[in-house]
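Notes for the structure review
What follows is each chain in one-letter form.
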Amino acid sequence: MAYGAHHSPFLPPHPDLGLAHNCEHCLGWGTVVTRDGEHELCHTCQPEPGDGEYGLGSAC
């Protein structure tokens, strides 16, 4: 019997699909599913918070 996904109080992450387009790790989805069944941003194609042009650590 199939069961639905577990409900989480947290919203799923919102990846940048433009960055994920050719990623072989997440197959273009921008997210991966952990062993616990949680979705998280792909570490291969998605920048960490605080990195890059729009991150918290960028200089203005």
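Let me begin by describing the structure that accompanies this report. What you see as residue numbers is a count from 1 along each chain, following the sequence as written. With the structure being a predicted model, the display of local features is reserved for residues of pLDDT at least 70 and the display and counting of side-chain atom pairs for 80 or more, all residues being used for whole-chain, interface and lining totals. Based on all heavy atoms of the structure, the side-chain values leave hydrogens and waters out of the count.

Focus: the environment of Thr44
Our working definition: Secondary structure elements are taken from DSSP: a helix is a run of H or I of four residues or more, a strand is a run of E of two residues or more, and numbering for both begins at the N terminus. Buried residues are those whose accessible area, probed at 1.4 Å on protein chains only, stays under 20% of the maximum for their type, while exposed residues exceed 50% and partly exposed ones sit between those limits. By definition, residues are in contact when any of their heavy atoms lie within 4.5 Å.
Following the sequence through the fold, Thr44 ends up in the segment after strand 2 (39–41). By relative accessible area, which is 55% here, Thr44 ends up exposed. The contact partners of Thr44, leaving out residues within four places of it in the chain, are Cys23 and His25.

Regarding the side chain of Thr31
Along the chain, Thr31 falls in strand 1 (residues 31–33). Under the relative-accessibility criterion, Thr31 is labelled buried at 17%. When residues no more than four places from it in sequence are discounted, the contact partners of Thr31 are Pro13, Pro15, Cys26, His39, Glu40, Leu41 and Cys42.

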